[in-house]
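Fold and geometry: a report
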6 protein chains.
Amino acid sequence: MSNNIQKNYQTFLACDADFADANIVLFGAPYDSSTSNRPGARFGSSFIRADSYGLETYSPYQERDLATDCQICDSGDLELPFGDSAQTLAAIADHTGQILDSGKLPFMLGGEHLVTLGAVRATAERYPNLHLLHFDAHTDLREEYLGVTLSHAAVIRRCWEILGDGRIWQFGIRSGERYEFEWAAAGHTHLQKFDFNGLEQALAACQGQPIYFTLDLDVLDPGVFPGTGTPEPGGVGFLQLMQAAVQVCQKAQVVACDVNELAPHYDQSGVSTAVACKIVREMLLAL
Amino acid sequence: MSNNIQKNYQTFLACDADFADANIVLFGAPYDSSTSNRPGARFGSSFIRADSYGLETYSPYQERDLATDCQICDSGDLELPFGDSAQTLAAIADHTGQILDSGKLPFMLGGEHLVTLGAVRATAERYPNLHLLHFDAHTDLREEYLGVTLSHAAVIRRCWEILGDGRIWQFGIRSGERYEFEWAAAGHTHLQKFDFNGLEQALAACQGQPIYFTLDLDVLDPGVFPGTGTPEPGGVGFLQLMQAAVQVCQKAQVVACDVNELAPHYDQSGVSTAVACKIVREMLLAL
Amino acid sequence: MSNNIQKNYQTFLACDADFADANIVLFGAPYDSSTSNRPGARFGSSFIRADSYGLETYSPYQERDLATDCQICDSGDLELPFGDSAQTLAAIADHTGQILDSGKLPFMLGGEHLVTLGAVRATAERYPNLHLLHFDAHTDLREEYLGVTLSHAAVIRRCWEILGDGRIWQFGIRSGERYEFEWAAAGHTHLQKFDFNGLEQALAACQGQPIYFTLDLDVLDPGVFPGTGTPEPGGVGFLQLMQAAVQVCQKAQVVACDVNELAPHYDQSGVSTAVACKIVREMLLAL
Amino acid sequence: MSNNIQKNYQTFLACDADFADANIVLFGAPYDSSTSNRPGARFGSSFIRADSYGLETYSPYQERDLATDCQICDSGDLELPFGDSAQTLAAIADHTGQILDSGKLPFMLGGEHLVTLGAVRATAERYPNLHLLHFDAHTDLREEYLGVTLSHAAVIRRCWEILGDGRIWQFGIRSGERYEFEWAAAGHTHLQKFDFNGLEQALAACQGQPIYFTLDLDVLDPGVFPGTGTPEPGGVGFLQLMQAAVQVCQKAQVVACDVNELAPHYDQSGVSTAVACKIVREMLLAL
Amino acid sequence: MSNNIQKNYQTFLACDADFADANIVLFGAPYDSSTSNRPGARFGSSFIRADSYGLETYSPYQERDLATDCQICDSGDLELPFGDSAQTLAAIADHTGQILDSGKLPFMLGGEHLVTLGAVRATAERYPNLHLLHFDAHTDLREEYLGVTLSHAAVIRRCWEILGDGRIWQFGIRSGERYEFEWAAAGHTHLQKFDFNGLEQALAACQGQPIYFTLDLDVLDPGVFPGTGTPEPGGVGFLQLMQAAVQVCQKAQVVACDVNELAPHYDQSGVSTAVACKIVREMLLAL
Amino acid sequence: MSNNIQKNYQTFLACDADFADANIVLFGAPYDSSTSNRPGARFGSSFIRADSYGLETYSPYQERDLATDCQICDSGDLELPFGDSAQTLAAIADHTGQILDSGKLPFMLGGEHLVTLGAVRATAERYPNLHLLHFDAHTDLREEYLGVTLSHAAVIRRCWEILGDGRIWQFGIRSGERYEFEWAAAGHTHLQKFDFNGLEQALAACQGQPIYFTLDLDVLDPGVFPGTGTPEPGGVGFLQLMQAAVQVCQKAQVVACDVNELAPHYDQSGVSTAVACKIVREMLLAL
């Protein structure tokens, strides 16, 4: 009579290394309580994990293989208190900090974009010279949204309060209030409207600096990524985004990163989740 | 050249009286940030309003007509700050209070169930002897949920802190933690599992007392009402609920009420919204 | 080198008899231009035909088999001019008349309920003493709807103009304007609210008279039949409807009939189409 | 005790000017009874209005703001008689005429494309020299469709009967019958297949002439705009369309316009509605 | 620097005991290659696991708690070779056998119904006197289906080849070919049409015999369980099924069991998955 | 009394020639039992046929018309035994062989990609020098998939076993295991990653040779074709594919072909089916 049996638990595609052996630690931050338009990003990380089994571990783009060329641990999803953004950010900062303190790279799957603030807090504490690379359709530079300061619509503004002027590079932005664009243009952030022009220069300017890389998937055109809370027509294509993200992961000194704002229920075809899985695979291979 | 034109704005079915003339004032409370399972109840009130045009104003059940027999004002949806439950409840309490102070009956359309707390606060301030009638699949009696006290899963517990022992009647309950059932049974609330047995006695016991009536639509079986955050198989039927709700509105001294937890995106057939519309119509006719 | 090959065209389940051999002739009337709420009933007949292959030909209810016990021809869908109700009704009347003139029973699959008027015209011409049996959630007795007299909401009123007082029996009705109920009660139609009580008496009263049987599937509760333009909560169950419909087909002298108002796009689970298929199978077996 | 309360009614994004103060008057024409493929465009205008709240009033493309730079009145949706195209067109012509007679620009939201005919009739009466700019996937030049002349598939042919040869410019066309293309090529309309090449020349040729601009959203590729009755693969991109539409609104003397053929139920991701909202915002800002 | 971190892997609700400590071992058999109507049951087990987190561990029906009153191990999903039914059944038999040999009860989550055959093979080998209790809408007694003998439509016939006459009890059956009903009636199985009448007697008759209990969820009415390959209108209600299943688990000597035929993609409301989760919870509590 | 009536059966758009008169014979192969990710391609052919009525017979791209310029017979769908790939391939080979033996071109609509193997077997028997042109996102070159050799993921490898080295040209490939790419590069197939570069040279190299052309629609970007089992972001556009496919059909000596892997349930907008219909129309016009 045996005392055990083959078990088969879900992790992101081939990310089944032990924590001790891993260089990168994936985790999910399933929170979306400050979402102002359509909620549901809380389901992003679990859908990415479940659907990744349909993806090959090998990338014909980078000619690398997640199963043989990487050591990654997926620690699953955090349990976060819906409706309490302050507690949520503290829990994320704590988990991120533990990973950083073990000398590993934290790779967070959102959740809404507010979760980035928790991870940036933990990272900036450990890397005082931290810079932020931000791909998004939205500025996320509001002072507050309907009186709420811990809002997905204000998350980059909150990061700026930690990092200060000139340390934030934004790409792909095509939506925001007039005052946000003016505030950015006043020297607070480097903001590139609509596309990734200038990314190379940004990477050059940050050379040698620690980078937090945050990727809001709604930077993509909703034609290929409809599964998000606030779809913004007119976005970048999948290949454009994949190439830009790989470039960042290869050339910049990324010390922590996240991919967020997949709200899978709004895309019943599953394509948005497939897109997110592939972006995550390519980033993991490039890091 | 005329200076005006026929306009056609959306209200709930025939609820287009002026505020001054109305006996009942409808309003929406589109909030769902504390939802712990599937969010989306924020869209409940606007879907109810939009779909009500497909409903007749006449009820063959009560043989009354909303267009000719009632004077109701629909004041539209509140603008609520997602992610900040305290501010949200204050805004709801304020709006509810204004309606009560004008001698009218507030009829709130949620939103998640937490919104009830705002309206109960305003009502209990004006009716110190307030009793609460609660139809729901869930106990909603938790101390807190993952550390959050302003949670939909704790809303009736929060109401109890205002109203005290023996003033809350719960019907249809079929889900909760063991300790919640035990706490209720210890004399804090009157809790009827699964159905409406004992409703008549409850109404008799409350005779002459002011009633706040809160109806969580997930008390219904998800076969007929799938569009909700946490569907609980084994619920009551549509006709059972309609009769019970009409009975309450006719026999009890209802001073304020709400209908909540329609999350329309989870039911693309639109049936859940049709169910909500009809329940609201019948309650309005009965009040 | 052969000159032919096995072909496999879609008919309703086993209804592949030649026209000459058939007793019953099925056809589709894919029209929904007068639908006032949610259109889409035009797809009803083709979805019923396509999905019927998943159904057994044998009924354990009646213990009869469509493949061995019946001779039915499915002539496919009519081509109807969307937006022109007068032409549409003429085309339906013409097709129905051809079938009747061949001594066969026409069985029409809607489409919206207005299509019934075309078939009733052709049938009443040939059976001057025609009576109408009507299962529906709605009265369909309006004078006109927004100025339109050829409207699904007025179809039974139009039939009454042909048939006259006392020849129409309505069952399951739970929606309509006050004046429609009053008009029916004034002796124009026999109207049974909510259920099938009195069906046996109606069948007795019509004994020996030719019957047109029209079944609007929205008489069903939307819990089991969400795929329809105007779902009305509070309807009859599937077994209730099946038994009532079988009773009519077995006991009355049905000379023509129709089943209508499946709008399959509103029910992506396919259950509504499965329900329609089974009702049609049972009616065909009972006729 | 106050006599009033804050109300919050739905208009298109920030289009809440009084009729008297407005330069542009939006209205919805929710009709789709002549749709020959998949109906549902009747829901276009109300979905656009409801979803516009998720859009910023500021456009980073034009660097203008709908809230501060424009005066627009949204008069809501017309009540139109489904199944009666003649009455429907008369009601649209009447409403359009009232707006034109007040010296304001009518901006109609469809509905199916047939609604354009009502607005063109009213406009051509007041601007005898009217020209028509038409963006579409389809020629819409049929003589009739299954015997129906008031058909969405024939709407531009009907407009031509009013405007005559050489006054109609069509762009993006990729679907139609052979005889329609031949008829256009015989000098009746200027028809540009597949794209917007030649738009600049068309605008130059119309310089100084009053323009009716009709935009059938199915000119877009269904990859980014699936929510329409007859999706036609191979269409233009969102940015292409936005730029072309803005160019028309800025350079031509547009006296009336419409945007039509959003059928939102076919795109449950909501992206098609978001696309329509953004096109409407950009057109309003450019007019 | 720590060497580990809190991990959070998905199991069915609170079923996180070690294999050695468990009395019951859950596992998924994600296979559906022989499905003849709509495939997708392969996703049943993973959806049940993922959605179970929204369920309470406490049952107010049985007044027992999965977290405190049971010791259950969830070993995850098997990896099965799509398109090869023979290999699949061997893998299932092997896994089931291991669990039985450890003295534990195997609880399999399908997958289509064919998977039952693998588990029955392993169980019958170890319990020569095995009886089978079968809840289903379908007879599943075909000799073969389109030439395929390892078919979900023939699975109970295959089990009969192992178990022999009189050892199989079927309940809720409402669909099949005429010859299947006749074959059962010839003494091969005990077949109860439509409902659970006679269940008590069946349990009495099997007293003391080892039971394999197989529950095809399509025995439920599709009004409450649309998410299945072949929805059959006219089924039993949720409470009826729950009570019957609990009765079996409490009174019979169940040595192995399964719950199958959830195809979650056909029910985007998630209700079918919620139904399956609750049935599984109640069965686990009753075993 | 007439002995017949107008019938109207569903074929693909205007493909209603008699078998004897036709040059091309369409048929459906509704099989998907070896699908390893999301099943549902079995519904591809019937959805294509049903939705084709919404398409014009005239192509403005090729300026040809299916109704007047071609003679095509649609023989409907084969009845295939789900779960038995060997029998299925035999049935397909048989039907394909009959068509070839009549001197006609077989045009198969899948189904999953495995069905190609049946048609290639029949064609290679009759054309010993057969070459294969393959458009796909996936290599499909596995030895086996989870122990299954008759798998959609191995179908081109199986074809290679028949055709041998150097006779297979693959385009658009962007997914596979590392060893598959290496195996192709070792001279077994001509494999073009990501796009159609080199197609012209391939056509030149095959000049005069008989070609089997297999088109897996998932070569398209899922932005425009989400309705498939395994969507792979980063694919070719609709116009690119249409042009490449037309080029093949015009310039190569295509003796048989297929279009496969539409799984329509995953795209409820219907756009994927519309894409498939248009590709099929353009190929038929070009052949």
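To keep things clear, this report deals only with the structure shown in the data block. All figures in this text were calculated on a predicted structure; none of them were measured in a lab.

Rules used in this analysis
Residues numbered from 1 in each chain as written. Chains lettered and ligands numbered in written order. Predicted model: local features only at pLDDT ≥ 70, side-chain atom pairs only at ≥ 80, totals over all residues. Heavy atoms only, no water. Pairing = 2+ DSSP bridges. Helix = DSSP H or I, 4+ residues; strand = E, 2+ residues; numbered from the N terminus. Axes fitted to C-alpha atoms, helices over the stretch in contact; angles between N-to-C directions. Contact = heavy atoms within 4.5 Å. Least-squares fit on C-alpha atoms with pLDDT ≥ 70 in both. Buried area = accessible area lost by both parts, 1.4 Å probe. Salt bridge = Lys/Arg side-chain N within 4 Å of Asp/Glu carboxyl O. Polar contact = N/O pair within 3.5 Å; in protein donor to acceptor, adjacent residues only side chain to side chain. Buried < 20%, exposed > 50% of the residue type's maximum accessible area, 1.4 Å probe, protein only. Parallel < 35°, antiparallel > 145°, perpendicular 65-115°, else oblique. Left-handed = near helix turned anticlockwise from the far one by under 90°. Nonpolar A, V, L, I, M, F, W, Y, C, P; charged D, E, K, R; others polar.

1. Quick look at the sheet that holds strand β1 (residues 24-29) of chain E
Residue and element names in this part refer to chain E. Overall, parallel pairing links the eight strands, which are arranged β4-β1-β5-β10-β9-β6-β7-β8 in an open sheet. Two strands close off the open sheet at either side, each with one partner strand: β4 (72-77) and β8 (190-193). The average undirected angle you get between the axes of adjacent strands in this sheet is 15 degrees. Relative to β8, strand β7 (residues 168-173) runs parallel, the two sharing four bridges. By the bridge assignment, Ile 173 is partnered in β8 with Lys 193. Across the sheet, helix α9 (residues 271-286) is in contact with β1, β4, β5 (105-110), β9 (210-216) and β10 (253-260); its angle to β5 comes to roughly 175 degrees.

2. Considerations on the relation of the copies chain D and chain F
Note on the identical chains: chain D maps onto chain F by a rotation of 120 degrees and an axial translation of 0.0 Å, with an RMSD of 0.0 Å. In short, the pair behaves as if placed about a three-fold rotation axis. Among all residues of chain D, the minimum C-alpha distance to the rotation axis is found for Gly 223 of chain D, at 3.1 Å. An asymmetric contact is evident, with only 9% of the interface residues of chain D recurring at the interface of chain F.

3. Quick notes on the relation of the copies chain A and chain E
After a rotation of 180 degrees and a shift along the axis of 0.0 Å, chain A superposes on chain E with an RMSD of 0.0 Å. Such values leave the two copies arranged in the relation of a two-fold axis. Of the interface residues in chain A, 100% have counterparts in chain E that sit at the interface too, so the contact is made through matching surfaces.

4. Side note on the interface of chain A and chain E
Contacts between the two partners involve 30 residues from chain A and, on the opposite side, 30 residues from chain E. Contact between chain A and chain E buries roughly 2,300 Å² in total, counting both sides, with carbon and sulfur atoms accounting for 54%. When the area that chain A buries against chain E is broken down by residue, the three leading residues are Ile 5, Tyr 9 and Phe 19 of chain A, summing to 26%. Across the contact surface, chain A and chain E share zero salt bridges. Where chain A touches chain E, the interface holds zero residue pairs in polar contact (both at pLDDT 80 or more).

5. Notes on the environment of Phe 238 of chain D
Residue and element names in this part refer to chain D. Here Phe 238 is to be found in helix α8 (residues 238-251). Looking at Phe 238, the relative accessible area reads 4%, which means it is buried. Phe 238 sits 18 residues away from Leu 220 along the chain, and the two C-alpha atoms are 6.7 Å apart.

6. Remarks on the packing of helix α3 (residues 85-101) of chain A against helix α4 (residues 115-126) of chain A
Residues and elements named next belong to chain A. At a minimum axis separation of 8 Å, α3 and α4 run at an interaxial angle of 40 degrees. Compared by their axis directions, α3 and α4 come out oblique. Between α3 and α4 lies a crossing whose hand is right-handed. Where α3 approaches α4, its residues Leu 89, Ile 92, Ala 93, Thr 96, Gly 97, Leu 100 and Asp 101 are matched on the opposing element by Val 115, Leu 117, Gly 118, Ala 119, Arg 121, Ala 122, Thr 123 and Arg 126. Of the residues that constitute the contact of α3 with α4, the class distribution is eight nonpolar, four polar and three charged.

7. Quick look at the interface of chain D and chain F
Many descriptions give the size of an interface as the accessible area lost when the pieces come together. Residue-level contacts link 23 residues of chain D with 22 residues of chain F. For the chain D and chain F pair, buried surface summed over both sides reaches about 1,800 Å², with 51% attributable to carbon and sulfur atoms. A per-residue breakdown of the area chain D buries against chain F is headed by Arg 178, Phe 194 and Pro 233 of chain D, which together make up 31% of the total. Scanning the region where chain D abuts chain F turns up four salt bridges.

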